[in-house]
Amino acid sequence: MELWYTEKQTPHLGITCQVKETLCTKMTAFQELAILDTLQFGKMLVLDGMVQTTVQDEFVYHEMISHVPLVTHPNPEKVLVIGGGDGGTIKQIIKHPEVTRAVLVEIDEEVVNTCREYLPEISGGALEDPRVEVIITDGLEYVKSCREEFDVILVDSTEPVGPAVGLFTGEFYQNISEALKPQGIMVAQTESPFYNGDLIHSVTQRIQKVFPLTRLYLAAVPTYPSGLWSFTLGSKVHDPLKVKAFKELDTRYYSPELHKSSFVLPGFVRELMEEK
Ligand code: SAM
């Protein structure tokens, strides 16, 4: 019998894929976790019924959340990731030779352990790199009480439900700004412009209140709702549109051209950023 998995991406629309095998399902202290092996996208991490990443298309999201800010910052030595327990973002971060320390703060240890076991190709062993420290705690609390300053902070969070709700608030962005060095940059994943326009509007307004420069950029991720995904960047000094020196990076989606073109926004997305 054929097995199909459907994620209801909106109350009226879903994405359905054929499942070869259900590799793991468990209830963690924070969420329902599943690893499915699908015919179209290969192995996939699903949290609370929402696709987080797949081995086929993970490179788009992970390259774009990390290389855009790490190339914009002239010397990204210390990088903090909030969420991202699958390790895909850390794998991209440590491709930058300037990085001396990368901290991953994930609330759910089961995500880290289960992805290590079933999805090792997503992190590619990056969590074992000597520059990397994995801390299991709430990112909200970590950033609030952080004694260390970072060059770049990435918010690689789940959708704004459950423990991730606070990761989309003005107070959190203020705490991020305080945990960044004077030339620091933050990027947060900010969902689909087609389905989450109100969220993008409020998040960009909140980031604009805290950072002198706010820019939104886009990438195409087939397994995410609508396929068009947004990232919002807040910067104290450096403008991603004025990068002087691009570096050679081993990537499959990101490139200097893509870096620039990802900031070219359709009119309806530009409107989401405007004050109402
Ligand atoms: N690429 C993904 C996406 O956009 O769908 C995000 C993937 S990553 C698996 C998201 C992680 O954020 C989850 O493992 C979740 O446990 C973690 N998370 C949610 N709220 C958190 C919090 N308050 N502090 C730290 N991690 C959090």
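*Asks:* Got a sec to walk through the overall build of the chain? Specific residues and values, please.
*Replies:* Each helix and strand in the chain was counted, giving nine helices and 12 strands. Each of the three principal axes of the chain carries a C-alpha extent, and together these read 55 × 45 × 35 Å. When burial is assessed residue by residue, the chain has 59% of its 276 residues classed as buried. Accessible surface for the chain amounts to roughly 11,900 Å². Of this, 51% is attributable to carbon and sulfur atoms.

*Asks:* Explain helix α3 (residues 109-118) to me, using residue names and the numbers behind them.
*Replies:* When we look at burial in α3, the residues that qualify are V111, V112, T114 and C115. Packed against the buried residues of α3 are β2 (13-27), β3 (32-38), β4 (42-47), β7 (101-106), α4 (120-123) and β8 (132-136). N-capping of α3 is provided by D108, with a side-chain oxygen placed 3.0 Å from the backbone N of E110.

*Asks:* Run through the sheet that holds β2, naming residues and quoting values.
*Replies:* Pairing within the open sheet is antiparallel, and its five strands lie in the order β1-β2-β3-β4-β5. Every other strand in the sheet has two partners, leaving β1 (3-10) and β5 (50-54) as the edge strands with one partner each. Across the sheet, the mean angle from the axis of one strand to that of its neighbour is 45 degrees, orientation sign disregarded.

*Asks:* Report on the domain arrangement of the chain, specifying residues and quantitative values.
*Replies:* Along its sequence, the chain is carved into domain 1 (3-52) and domain 2 (58-273). Of note, the centres of domain 1 and domain 2, computed from C-alpha atoms alone, are 23 Å apart. Residue-level contacts link 21 residues of domain 1 with 21 residues of domain 2. Between domain 1 and domain 2 lies a buried interface of about 1,900 Å² when both sides are counted; carbon and sulfur atoms form 66% of it. Summed over the shared surface of domain 1 and domain 2, the result is two salt bridges. Between K43 and E121 there is a salt bridge, with its nearest N and O atoms 2.9 Å apart. Taken together, domain 1 and domain 2 are joined by eight residue pairs in polar contact (both at pLDDT 80 or more). Elements with a contribution of two residues or more to the side of domain 1 that touches domain 2: β1, β2, β3, β4 and β5. With five residues, the single largest contributor to the side of domain 1 that touches domain 2 is β2.

Reading guide: rules and limits
- Residues numbered from 1 in each chain as written.
- Predicted model: local features only at pLDDT ≥ 70, side-chain atom pairs only at ≥ 80, totals over all residues.
- Heavy atoms only, no water.
- Helix = DSSP H or I, 4+ residues; strand = E, 2+ residues; numbered from the N terminus.
- Buried < 20%, exposed > 50% of the residue type's maximum accessible area, 1.4 Å probe, protein only.
- Areas by Shrake-Rupley, 256 points an atom, 1.4 Å probe, with all protein chains shown as cover.
- Contact = heavy atoms within 4.5 Å.
- Polar contact = N/O pair within 3.5 Å; in protein donor to acceptor, adjacent residues only side chain to side chain.
- Pairing = 2+ DSSP bridges.
- Axes fitted to C-alpha atoms, helices over the stretch in contact; angles between N-to-C directions.
- Domains from an automatic or database assignment.
- Buried area = accessible area lost by both parts, 1.4 Å probe.
- Salt bridge = Lys/Arg side-chain N within 4 Å of Asp/Glu carboxyl O.

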